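Coordinates in review
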Amino acid sequence: LANEVAGEEKPWSPAQDESTLEFVTRLFAEAIKRAAPSLKDQDPVVQRCAIASFGDFQCNAPMGIFKALKGQGDTSYNSPRAVGAAIADNLPPNSVLVSASVAPAGFVNAKIDNALLGDFCREVAQKGKAPPPPIKAFGGKRKVLVDFSSPNIAKEMHVGHLRSTIIGDTICRVLEYCGHDVHRINHVGDWGTQFGMLISHMEEAYPDFTSNPPNITDLTVFYKNAKKRFDDDEAFKKKSRETVVALQAGDPRCREIWALLCDISRKEFARVYKRLGVTLEEVGESHYNSMIPNAISLLEKAGLTTDSDGATTVFLEGHSFPLIVKKSDGGFGYDSTDIAAIHHRLKTLGVDWVVYVTDLGQAEHFHMCFEAAEKAGWTSSEGRLCHVGFGVVQGEDGKRFKTRSGETVRLVDLLDESVTRMEKSLKDRVAEGKCALSPDEVKSAAEKIGYGAVKYADLHQHPATNYKFSYDKMLSTSGNTAVYLLFAHARLASIVRKASAKGVDAKKAASNKMDLCAHPKERALAFELTQFSGVVASVAEEFLPVRVCDYLYKVSCKFTEFVTECKVLDDARMAERVVLCEATGVVMRACFDLLGIEYLMQI
Ligand code: ARG
């Protein structure tokens, strides 16, 4: 093909940092310009081929171009297929595509050079790193603030917070991998009216709390008791209301009790984060309290506020209720805090992108805050404000996830259960001789796999779907589960180890120029590995961790097909195949890292 159209033209090559897809898209755009010069700015619509045997990338533009030409009365081509053929003929000579064929319906299927796929895999195996997408794909390095997890003080973290923590952590990991400046912010609910009753209850139930601080092992019980007093006793209710005012005015005693409550909660949250391997910086609601009046006055100046029965509100088109930035009693609430926070983040901290991860129920609240910020002129044209909403966690009965006695499930119990079950299943494997881990190793492996299973079960579907929490499903060794993937990876690592013991070191072998695509299953796997950075880029753009899971699963399936058909150890192609195994291992480990799942080299 290159020779046919080459003529005098110098072959085109990808620019530095240009992905294969981008380059192929650029080639097709040029070919379209040449084949249909009268049309301006045609999108070449280049995608991965739906059917791998047809090729690697397909250009879907010919049908549209045929219609567009016909519309202008241009009859140079008599069918989409003729357009496709002209596009294929006009592809500039280049260093990437080795063939282009036209399907009857007109699309052009193109295949890329095997040497390119092989070189990519050798480099990945040698460097031990899967390349991130180029930072220029995002218009440069961005300062990103991810607001996630964000449980409420004095309340137990529930499965909803687990989802936010897991999804938010993966989004952060992906953005960090791309090289952005990421701020992981825990917007804890440490302010608001509930503190009135909590502080009043503390004063009542533990009058000597300063000299004799209570050992509150279960803040949920404390919260419930306070709430009961609040609901049952008018005098207590009145006192609680006054206490909120005193707290907000900075009363030292109230502040002291408040700080004590925050501290107890903080310790509990920290235990969960430690187990999950998640880091967060706590900047709670209280942090923004002093910034609220200024933010409100900016909204007022922008003409966005309305007085509604003494409350200051912001009405936005298409929403049936307003943002309440100041209540009629002069108090500030959730809306006030988020308005001050968004202003602070955009204007004071100079954050480019802000991503919020909460349940879908809060989507409208955030979209209203985004709109208000935009109308107030706080946003910039390259800036992004996103809400990633997630659905409800359900029990196997399809109802909201509860314990047998109807209580909300405590996060720590849930994680413990997953680990316990995994430990049992690993012990059974040891007993059956399927696995050679020592008792200590079983314990640590069970933790990694148990936590990984919970994370993966959450991440492997679109966040907006409700999902049924099922230990049996998430801990299954087959299907799209963390357990299956971790086992597959450990098997792969063992092949690489065995080859090394036989004198073929994957990293060393990778430094030799070699054909890694001689067998169709080798090529299919190699091609899949080259897709890594594109997947990462798409997650960094759309904040959908599920794409990493889908990709990881696909890689694992392609790997299984490869090892099923291609013998690795002691084969004539052992060196080539071990390099492919190693490159696959590097890419799988990069995916596990992005998902916050700890992998094992041996199970
Ligand atoms: N504390 C809230 C909750 O438990 C989530 C906070 C989300 N972040 C925010 N900036 N409002 O639902």
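Residues numbered from 1 in each chain as written. Predicted model: local features only at pLDDT ≥ 70, side-chain atom pairs only at ≥ 80, totals over all residues. Heavy atoms only, no water.

1. Topic: the nonpolar core
The criterion, for reference: Remark: nonpolar core denotes a set of buried residues (Ala, Val, Leu, Ile, Met, Phe, Trp, Tyr, Cys) joined through side-chain atoms within 4.5 Å. Between buried and exposed lies partly exposed: a residue is buried under 20% and exposed over 50% of the maximum accessible area for its type, with that area taken using a 1.4 Å probe on protein chains only. Under the DSSP-based scheme used, a helix requires at least four consecutive residues in state H or I and a strand at least two consecutive residues in state E, with every element numbered from the N terminus. Contact criterion: two residues are considered in contact whenever any of their non-hydrogen atoms come within 4.5 Å of each other.
Core analysis: the biggest nonpolar cluster contains 164 residues, and Val-146 and Leu-414 have the highest contact counts within it. Here the element with the most residues in this core is helix H22 (residues 574–595); it accounts for 14 residues. If sequence neighbours within four positions are ignored, Leu-414 has contacts with Val-159, Leu-162, Phe-401, Val-409, Val-454, Phe-469 and Tyr-471.

2. Description of helix H11 (residues 292–301)
This is how the line gets drawn: The arc in question is the one spanned by the directions pointing from the helix axis to the C-beta atoms.
Listed as buried for H11 are Ile-292, Ala-295, Ile-296 and Leu-299. Taken around the axis of H11, the buried residues stretch over an arc of 100 degrees, which confines them to a single face. On its buried face, H11 sits against strand E8 (305–308), strand E9 (311–314), strand E10 (323–326), helix H12 (334–348) and helix H13 (363–375). One or two steps after H11, the chain reaches Gly-303, where phi turns positive at roughly 75 degrees.

3. Notes on the site of the ligand
Stated formally: One heavy atom suffices: a residue is near a molecule or strand as soon as one of its heavy atoms comes within 4 Å of it. Polarity classes work like this: nonpolar for Ala, Val, Leu, Ile, Met, Phe, Trp, Tyr, Cys and Pro, charged for Asp, Glu, Lys and Arg, and polar for all others, with Gly in that last group.
Looking at the ligand, the residues that line it are Asp-147, Ser-150, Asn-152, His-161, His-187, Tyr-334, Asp-338, Tyr-356, Thr-358, Gln-362 and Phe-366. For the shell around the ligand, the elements supplying multiple residues, two or more each, are H12 and strand E11 (353–359). In the shell around the ligand, the residues fall into 3 nonpolar, 6 polar and 2 charged.

4. Observations regarding the pattern of salt bridges
The criterion, for reference: In what follows, salt bridge is the name for a side-chain nitrogen of Lys or Arg lying within 4 Å of a carboxyl oxygen of Asp or Glu.
The tally for this structure, following the rule as stated, stands at 43 salt bridges. A salt bridge links Asp-416 to Arg-275, with the shortest nitrogen-to-oxygen separation between them at 2.6 Å. Linking Asp-416 in helix H14 (residues 411–431) with Arg-275 in helix H10 (residues 252–276), this pair joins segments that are 141 residues apart in sequence. Exposure remark for Asp-416: the relative accessible area of 34% places this residue in the partly exposed category. Across the pair Asp-428 and Lys-424 runs a salt bridge whose closest N-O atoms are separated by 3.2 Å.

5. As for the state of the cysteines
What counts here: Here, the term disulfide refers to a pair of cysteine sulfur atoms separated by no more than 2.5 Å.
Per the counting criterion, the structure on display carries 0 disulfides. Just so you know, Cys-566 is unpaired, no disulfide at all, and the nearest cysteine sulfur is the one on Cys-581, 9.7 Å from it. Taking relative accessible area as the criterion, Cys-566 reaches 1% and is therefore assigned buried.

6. Some words on the confidence of the model for the chain
The following threshold applies: Residue-level confidence of the predictor is what pLDDT reports, using numbers from 0 through 100.
Within the chain, residue pLDDT values average 93, and 98% of them lie at 70 or more. Complex prediction metrics read pTM 0.92 and ipTM 0.99.

7. Considerations on the sheet that holds strand E1 (residues 46–48)
Heads up, the rule is: Should DSSP find at least two bridges between two strands, the strands are taken to pair. Axes here refer to lines fitted to C-alpha atoms; in helices the fit is confined to the stretch in contact. Angles between the N-to-C directions go from 0 to 180 degrees.
Taken together, 4 strands build an open sheet; the order of strands is E1-E2-E4-E3 and the sheet is antiparallel. The two strands at the open ends of the sheet, each matched to only one other strand, are E1 and strand E3 (97–102). Mean inter-strand twist for the sheet, computed between neighbouring axes without regard to direction, equals 25 degrees. Where strand E2 (residues 57–59) and strand E4 (residues 108–112) come together, 3 bridges link them in antiparallel fashion.

8. Re the side chain of Thr-358
Counted only if it meets this: Think of a polar contact as two N or O atoms within 3.5 Å of one another; within protein, one of them needs to be a possible hydrogen donor and the other a possible acceptor, and neighboring residues in sequence only count if both atoms come from side chains.
Within the fold, Thr-358 resides in strand E11. According to the relative accessible area criterion, Thr-358 is buried, its value standing at 11%. Within polar-contact distance, the side chain of Thr-358 engages the side chain of His-387 at 2.8 Å. Among all residues touching Thr-358, those that are not within four sequence positions of it are Phe-366, His-387, Val-388, Gly-389 and Phe-390.

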